[in-house]
Amino acid sequence: MAESTGETEITAERPRVERYDPAAIESRWQACWEADELYKAVIDRSRPKFYFLTMLPYTSGNLHIGHWYAMAPSDARARFKRMQGYNVMYPIGFDAFGLPAENAAIQRNIHPKTWTYQNIENMRRQLRSMGAMWDWSREAISADPEYYRWTQWFFLKLHEHGLAYKKRSPVDWCPKCNTTLAREQVVGEDRVCERCKTPVIKKDLDQWFFRITSYADELLDFSHLDWPEPVKLLQTNWVGRSEGARVVFHTEGGDPMEIFTTRPDTLWGATFMVLAPEHPLVEKLTTPERSQAVRAYVQQTQRQTDIEREAVDREKTGVFTGGYAINPVNGERIPIWIADYVLMSYGTGAIMAVPAHDQRDFEFARKYGLEVRPVIQPEGMEPLDGGSMTEAVTEYGAMINSGPLTGTPVDQAIERTIAYLEEKGIGERAVNYRLRDWLISRQRYWGAPIPMISCPECGIVPVPEDQLPVELPEDVEWRPTGESPLKLHPTWKNTTCPRCGGPAERETDTMDTFMCSSWYHLRYLSPHYDKGPFDPEEYDYWMPVDTYTGGVEHATMHLIYTRFFHKACRDMGITKGPEPMLQLRNQGQILGPDGQRMSKSRGNVVDPDEQVKTYGADTVRAYLMFGYRWSEGGPWNPDNIHGVVRWLNRVWALVLETAGAEPGPVDEKHVRALQRKLHQTIRQATHDLDNFEFNTVVAALMELTNAMSQARAKGLAGHPAFKEAVQSLLLMMAPLTPHIAEELWSRLGKPYSIHQQPWPEFNPELAAEEEITLVVQVNGKVRDRIRVPADISEEEARARALASQAVQRHMGGAEPRKIIVVRGRLVNIVI
RNA sequence: GCCGAAGUGGCGGAACUGGCAGACGCGCGCGACUCAAAAUCGCGUUCCUUCGGGAGUGUGGGUUCGACUCCCACCUUCGGCACCA
């Protein structure tokens with residue numbers, strides 16, 4: 001659609017300018033910004049605050065391009081908010097405790113601390129090369145004693161308030177990492193360690209837990225949060241709330257046996273009971289004749305891994321205990337079985353089996369010849385017969401064979417049964433959660449020691465606050481043995497009891513590193529504060545976090561822990577407000593050029609250092625924003641980056657070559673076109689940066705650059721409108737490509753720094769179109785496009801459309817039945 | 001099996017609230033500059049076409065004057081959960 005204007009293009013001699021050389025300018029500006037503390041965030045109550053946070057990196061040693069992808073666009077948005085007048089805090093730090101440090105230490109015979117702090121050095125250098133606006137004065141490192149002193153302090157607080165407790169229970173153990181794991185850190189169908197993908201096994205151990213389940217209901221409340229729906233859903237499913245009733249059955253011997261059910265209405269259809277093999281009543285219930293079979297089955301279950309046991313498609317197995325229970329609603333005597341499809345870890349570890357209406361119970365009943373008794377008759381279905389049914393019937397209907405509730409429709413029956421149970425005192429309304437308490441003990445060295453002491457006289461005693469931190473000894477043998485290396489240290493664990501003064505032992509396990517990262521956003525407020533975990537004044541000004549960005553993979557780990565942590569702290573009077581992070585946005589993942597997840601073993605890792613060396617930080621930043629939908633990610637494509645290289649080169653040349661241009665005669669039409677494009681770009685860039693749509697911001701700025709090239713060719717280079725466009729272009733580039741923007745800004749003689757300038761103001765009048773293309777359709781098909789004034793009336797639009805020759809031809813003389821006019825867009829003629 | 005996200009040119013991706021599908025860029029083609037090449041600049045680039053037009057946003061249906069966009073069913077890919085009583 002080349003517009004032939006018939007005008008002669010201006011091809012005046014272009015001033016010669018030096019080439020754009022990112023290497024020459026980037027490190028200079030980085031040093032300059034840092035020396036001037038340009039990004040230092042200081043409390044300023046005259047401006048609205050904005051706490052912008054990206055998930056802190058683990059100290060693995062090398063950033064990969066994925067870190068850049070997560071951080072550079074976030075940085076751009078933080079910078080944008082700052083230009084909009086917010087007082088922005090954008091901190092950075094390191095998640096520095098954890099297993100990889102120990103594993104690396106073992107392989108290379110280097111101390112985990114040395115390895116970690118060397119890595120931090122390198123990562124600081126890499127992070128600085130991005131040119132982000134981090135406030136390094138707020139840097140926090142979770143492995144520093146001045147940090148973990150407060151991690152331990154939080155532990156003591158949780159313990160003091162009954163939210164941390166020690167319990168012996170079967171827990172997930174990774175044989176490769178040689179430590180226990182939280183339920184969240186065991187992943188996938190084959191129940192493997194989240195970190196090393198080794199299948200976990202069960203071990204019975206004394207471990208510390210946090211009572212996250214006390215907050216289950218509150219964790220389901222997202223009303224204060226602007227978080228992505230999928231994350232909220234993941235957390236909702238993870239918490240797994242189900243409503244129903246608890247009902248107390250009794251064994252024939254008189255022992256109470258509690259069950260949980262979501263379908264109390266089917267109580268009259270319970271024809272047997274099933275206990276988990278680990279259920280404490282099993283031994284007592286078992287009759288002497290059944291004892292051998294039961295014992296064999298229990299042993300067999302113990303030997304099984306979780307993978308074998310929890311495979312869904314496996315045929316159900318179980319054995320009869322010989323014992324009987326009494327159904328409290330009808331007094332019936334029903335057999336008690338044990339089976340491994342009932343899990344000790346959910347509900348009460350015991351169920352009533354209603355084979356007619358539950359598929360699992362049905363399969364079990366058919367296999368072992370147990371009675372199937374329907375108690376619900378769905379409408380329009382043949383009368384159910386327990387003997388001939390081929391599968392459980394889960395449809396709703398009217399209740400049958402159910403004593404006082406017979407005839408009740410199921411939608412009322414659940415409520416009425418609960419009322420009946422409560423009235424008779426045999427059960428009550430109850431809620432169950434899938435969520436388990438958070439297991440935080442780790443049998444490893446490189447973590448924050450749990451600040452507890454075990455005294456033979458006084459039991460478990462907390463370390464007094466004034467003795468924190470409990471420092472990690474450096475002279476340890478950190479080879480993993482399955483026991484904490486701290487336990488094997490000759491002297492460290494020996495101490496005196498703070499209560500009685502007698503000899504006592506320290507807890508030798510360390511804390512899950514997710515504990516450290518649950519509160520790092522608080523440590524950034526005042527990383528060197530020593531009167532508490534954070535300075536309350538800083539808290540009051542900065543908290544809560546306004547925008548948080550990171551990967552969706554943390555939905556059921558870090559993000560649920562940190563919410564729990566905040567709420568627990570709120571209840572202890574330490575933090576305020578319902579939530580720690582108000583807005584969350586997830587970036588996608590950058591894959592290797594082969595479309596596979598980047599990994600050293602595949603050899604497809606893209607090293608940001610190399611990219612920066614080849615193209616410069618600004619180009620890498622802009623490409624990461626331009627080449628992908630940020631929330632999606634995708635494979636690294638080494639070809640597409642050339643588009644960004646060319647763009648920055650063109651901007652460089654355009655700005656410098658026109659810098660000294662003198663005003664000359666111009667056509668006002670072209671001036672208007674340039675102004676219009678500029679203000680349309682401001683509108684779009686503002687909107688898109690607010691909405692994390694970085695790719696279209698860059699596209700819009702490229703379009704503006706193209707428009708400016710055309711304007712220049714029309715002789716506008718010396719015109720004030722052109723100067724304004726240059727200035728605004730640089731201002732809008734500043735968040736995305738901070739170095740080149742600053743360099744060109746300074747070469748134009750503008751005041752340092754561009755990053756302290758306000759965001760360009762949008763003027764809707766200048767953005768408005770005077771003339772638009774009116775699309776004319778006949779029966780919904782485009783037949784013509786006509787240029788009309790933007791404010792054209794409906795009648796006029798209709799008339800102009802009907803007058804079109806192309807339209808006439810397609811109407812073939814027919815009368816229009818209906819004409820739809822959409823203001824400023826189209827006319828559709830229906831014949 | 002259940003829950004969720006995504007399917008648009010050769011490629012990455014645009015398209016506000018239902019109103020010109022393919023912005024911007026990569027790649028490719030042609031041209032200018034050059035002894036030549038690179039770089040740069042200009043033009044073109046969804047497919048088919050009898051040059052009138054026709055088809056087209058994973059597939060099939062529906063709603064509507066009009067559907068990438070809304071509804072129903074299905075297919076594919078990715079992610080989560082998985083005997084949760």
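Computed from a prediction, not measured in an experiment: that's the story for all the values here.

Points about the pattern of salt bridges
Applying the stated rule across the entire model yields 52 salt bridges. Linking Asp-44 and Arg-47 is a salt bridge whose minimum nitrogen-to-oxygen distance equals 3.0 Å. Between Asp-690 and Lys-81 there is a salt bridge, with its nearest N and O atoms 3.1 Å apart. Taken together, the residues span a long stretch of sequence, with Asp-690 in helix α21 (residues 668-690) and Lys-81 in helix α2 (residues 65-83) at a distance of 609 residues. Note on Lys-81: relative accessible area 7%, which makes it buried. In the salt-bridge network here, residues are joined through shared partners; they are Glu-218, Arg-563, Lys-567, Arg-570, Asp-571 and Glu-579.

Comments concerning the pairing of strand β27 (residues 581-587)
Extensive coverage of β27 is indicated by the burial of five of its seven residues. One ladder, built from six bridges, connects strand β26 (residues 545-551) with β27; its direction is parallel. For Thr-549, the partnering residue across the bridge sits in β27 and is Arg-585. Between β26 and its parallel partner β27, the chain crosses via helix α17 (residues 558-571), and the hand of that crossover is right-handed.

A word on unusual backbone geometry
Here the bond from Leu-468 into Pro-469 is cis, since omega is 0 degrees, no more than 30 degrees from zero. In this structure, Pro-469 sits in the loop between β22 (459-462) and α13 (485-488). Cis geometry marks the peptide bond from Tyr-752 to Ser-753, where omega comes out at 0 degrees. Assignment of secondary structure puts Ser-753 in the loop between α24 (738-747) and α25 (764-767).

Things to note about the domain arrangement of chain A
Domain annotation for chain A reports domain 1 (242-432), domain 2 (638-766) and domain 3 (769-830). On a C-alpha basis, the centres of domain 1 and domain 3 stand 70 Å from each other.

Some details on the side chain of Asp-688
Within the fold, Asp-688 resides in helix α21. Buried and unpaired, Asp-688 has Arg-683 as its nearest opposite-charge partner, separated by 9.4 Å. Leaving out residues up to four positions away in the same chain, Asp-688 has contacts with Glu-693, Thr-696 and Val-697.

A word on the packing of helix α18 (residues 608-615) against helix α19 (residues 617-626)
In contact at an axis separation of 7 Å, α18 and α19 are set at 115 degrees when each is read in the N-to-C sense. The angle between α18 and α19 places the two elements in the roughly perpendicular class. Of the residues in α19, those in contact with Gln-611, Val-612 and Tyr-615 of α18 are Ala-617, Thr-619 and Val-620.

Let's talk about the environment of Arg-429
When you line up the elements, Arg-429 lands in strand β18 (residues 427-432). The exposure class of Arg-429 is partly exposed, given its relative accessible area of 45%. A sequence separation of 167 residues divides Arg-429 from Thr-262, and the C-alpha atoms of the two residues are 9.7 Å apart. The residues contacting Arg-429, other than those within four sequence positions of it, are Gly-244, Ala-245, Glu-415, Ile-418 and Glu-422. At a separation of 3.0 Å, a polar atom in the side chain of Arg-429 contacts the side chain of Glu-415.

As for the protein's contact with RNA strand B
In the vicinity of RNA strand B there are 55 residues, among which Arg-183, Lys-316, Arg-360, Gly-627 and Arg-646 approach most closely. Counting only atoms of RNA strand B within 4 Å of the protein, the sugar-phosphate share comes to 66%. Side-chain polar atom of Lys-316 to a base oxygen of RNA strand B: 2.3 Å apart, as the coordinates give it. In this structure, Arg-785 approaches RNA strand B through a side-chain N or O atom, which is 2.7 Å from a base oxygen. Residue contributions to the surface near RNA strand B peak at six residues, all from helix α22 (residues 694-713).

Examining the sheet that holds β27
Whether parallel or antiparallel, the strands of a sheet pair through hydrogen bonds between backbone atoms. The strand order across the open sheet formed by four strands is β2-β1-β26-β27, and the pairing between neighbours is parallel. The open sheet terminates on both sides in strands that have one partner only, identified here as β2 (87-89) and β27. Averaged over neighbouring strand pairs, the angle between their axes works out to 20 degrees when direction is ignored. Contacting β1 (49-54), β2, β26 and β27, α2 crosses the sheet at an angle of about 175 degrees to β1.

Here we look at the sheet that holds strand β30 (residues 771-778)
Strand order in the open sheet formed by four strands is β31-β30-β33-β32, and the pairing between neighbours is mixed. One side of each edge strand has no neighbouring strand; the edge strands of this open sheet are β31 (781-789) and β32 (818-822). When the angles between neighbouring strand axes are averaged without regard to direction, this sheet yields 20 degrees. Sheet analysis places β30 next to strand β33 (residues 826-830), joined by four bridges and oriented parallel.

Examining α21
Note: α-helices contain 3.6 residues per turn, so residues at a spacing of three or four share the same orientation. A rise of 1.5 Å per residue sets the reference length of α21, with its 23 residues, at 33 Å; its end C-alpha atoms lie 33 Å apart and thus fit the reference within 8%. Of the residues flanking the start of α21, the one acting as N-cap is Asp-667, its side-chain oxygen 2.9 Å from the backbone nitrogen of Lys-669. Following α21 by one or two positions, Phe-692 has its phi on the positive side, about 65 degrees.

Quick notes on the rules
Residues numbered from 1 in each chain as written. Chains lettered and ligands numbered in written order. Predicted model: local features only at pLDDT ≥ 70, side-chain atom pairs only at ≥ 80, totals over all residues. Heavy atoms only, no water. Salt bridge = Lys/Arg side-chain N within 4 Å of Asp/Glu carboxyl O. Helix = DSSP H or I, 4+ residues; strand = E, 2+ residues; numbered from the N terminus. Buried < 20%, exposed > 50% of the residue type's maximum accessible area, 1.4 Å probe, protein only. Pairing = 2+ DSSP bridges. Right-handed = clockwise from strand over helix to strand, strands pointing away. Domains from an automatic or database assignment. Lys, Arg positive; Asp, Glu negative; His and termini not counted. Contact = heavy atoms within 4.5 Å. Axes fitted to C-alpha atoms, helices over the stretch in contact; angles between N-to-C directions. Parallel < 35°, antiparallel > 145°, perpendicular 65-115°, else oblique. Polar contact = N/O pair within 3.5 Å; in protein donor to acceptor, adjacent residues only side chain to side chain. Near = heavy atom within 4 Å. Expected span 1.5 Å × (residues − 1).

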